[in-house]
Amino acid sequence: MNKPIVFLDFDGVLNTEQYQARLTVDGKPTKDTWGPLFDPHAVKNLRQILDEMDAQVVISSSWRYVHSLDSLRTMWVMRDLPGEILDTLACGATYISRGEEIECWLERNDRPDYVIIDDLDAFSLAQRDHYVETNPIVGITEADAQKAIEILRKSLAERRRKLREEIINSETAARLRVAFQAMRKESIAKMHERHAFLSDIVKEYTNLEDFAREKSEFFEMMGVEVGSGEKCVSLYFQLDYNEYEQYFVVPTGDGKLAVSHVIWWQNEVCANEILNIFTGERYDDDDAIYTNY
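The following paragraphs examine the structure supplied in this document. (Residues numbered from 1 in each chain as written. Predicted model: local features only at pLDDT ≥ 70, side-chain atom pairs only at ≥ 80, totals over all residues. Heavy atoms only, no water.)

This brings us to the sheet that holds strand β5 (residues 131-133). Strands sit in the order β3-β2-β1-β4-β5 across an open sheet of five strands; the sheet is parallel. The sheet terminates laterally at β3 (85-88) and β5, the two strands that pair on one side only. Direction aside, the axes of adjacent strands within the sheet are offset by 25° on average. Examined bridge by bridge, strand β1 (residues 5-8) and strand β4 (residues 114-118) share four bridges and lie parallel to one another. Paired with I5 across the bridge in β4 is Y114. (Pairing = 2+ DSSP bridges. Helix = DSSP H or I, 4+ residues; strand = E, 2+ residues; numbered from the N terminus. Axes fitted to C-alpha atoms, helices over the stretch in contact; angles between N-to-C directions.)

As structure tokens, then:
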């Protein structure tokens, strides 16, 4: 995904009336080779936007008519300004509005997420949701920076939502769902076989301690890890590097032992799951292990 773009004006945004007046009153230079000096407070607030959103700058300011892209990039370095300049809007026919120039740039560059920061509204209705209007007296304020960040976050979230929908509704996703369903069906069929095998062994016992004592060596020889507890005996099958099933021998209400219908396993998408292998019900609480048999 392309980085977000800040379409950035200079005059009234970074070059502020307030800062120019202060420099004049203090008897300090108001400009350098490129033009008026930028207000440090406005620059700081721009930095917050670029840093927080990992955004790049495209110059929309009329300064692009006076300075080339390379010259503006040199100014960026010499003035120690934040982020980096990716591009400038094209210097085309003057009768095209800045909003139209931005739309042309977006069309040529795969329409990344963007925000426009300007002190003059020359933008379409569709662009208004991406626009932050500054006061030329003070330029970018903290509130303006926060608004720009919120615009970019909202745009990024919407793009991700649409991307998720495209992926979910794609033919590839449909084929994967069918494949996962087949894998799950095959896995559960094998679980039924293992459950029947274990149940045939367990039916001879009425006491967890007796079962664990007499069958631990047998299961360990089969590569099955046995764990004893007050409420159950667990039988852990490591089937592959990232595939396991864990069955539980539990006491029943009639004084016998049974193999719980609920197991822990690593499912077809390698997520841990507590599953009733006969009903298909999934659980968040492992107490279900002791009541399903």
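Attention now moves to the pattern of salt bridges. Counted under the stated rule, the structure contains 18 salt bridges. Between D121 and R128 there is a salt bridge; the shortest N-O distance is 3.2 Å. A salt bridge links R213 to D210; the shortest N-O distance between them is 2.7 Å. Of the two residues, R213 and D210 are both situated in helix α8 (residues 208-221); the distance of three residues between them amounts to about one turn of the helix. When its relative accessible area of 56% is taken as the criterion, R213 is described as exposed. For D210, a relative accessible area of 29% gives the class partly exposed. It is possible to trace a salt-bridge network through shared partners that takes in D9, R98 and D118. (Salt bridge = Lys/Arg side-chain N within 4 Å of Asp/Glu carboxyl O. Buried < 20%, exposed > 50% of the residue type's maximum accessible area, 1.4 Å probe, protein only.)

One pass over the structure, following the stated rule, counts 13 aromatic pairs. Considering the side-chain rings of F7 and W105, the 5.5 Å spacing of their centres and the 85° angle between planes classify their relative orientation as edge-to-face. In this pair, F7 sits in strand β1 while W105 sits in helix α4 (residues 98-108), placing the two residues 98 residues apart along the sequence. Between the aromatic rings of F10 and F38, the centroid separation amounts to 5.0 Å while the plane-to-plane angle is 55°, which identifies the pairing as tilted. Remark: F38 occurs in the loop between α1 (17-25) and α2 (40-53) and F10 occurs in the loop between β1 and α1; sequence separation between them is 28 residues. No difference in accessibility class separates F10 from F38, as the two residues are buried. (Phe/Tyr/Trp six-rings, centres within 6.5 Å; stacked < 30°, edge-to-face > 60°.)

Here we come to unusual backbone geometry. Unusually for a residue other than glycine, D54 sits at a positive phi of about 50°. Tracing the backbone through its elements, the reader meets D54 in the loop between α2 and β2 (56-59).

It is at 8 Å that the axes of α2 and helix α6 (residues 142-168) come closest, and there the two elements cross at 20°. The angle between α2 and α6 falls in the class roughly parallel. Once α2 is placed against α6, the crossing between them reads as right-handed. Along its contact with α2, which presents N45, Q48, I49, E52 and M53, the element α6 presents E142, A145, Q146, A148, I149, L152, R153 and L156. Here the residues of the contact of α2 with α6 are counted per class, giving seven nonpolar, three polar and three charged. (Parallel < 35°, antiparallel > 145°, perpendicular 65-115°, else oblique. Left-handed = near helix turned anticlockwise from the far one by under 90°. Contact = heavy atoms within 4.5 Å. Nonpolar A, V, L, I, M, F, W, Y, C, P; charged D, E, K, R; others polar.)

In short, shape yes, function no, at least from these values alone.
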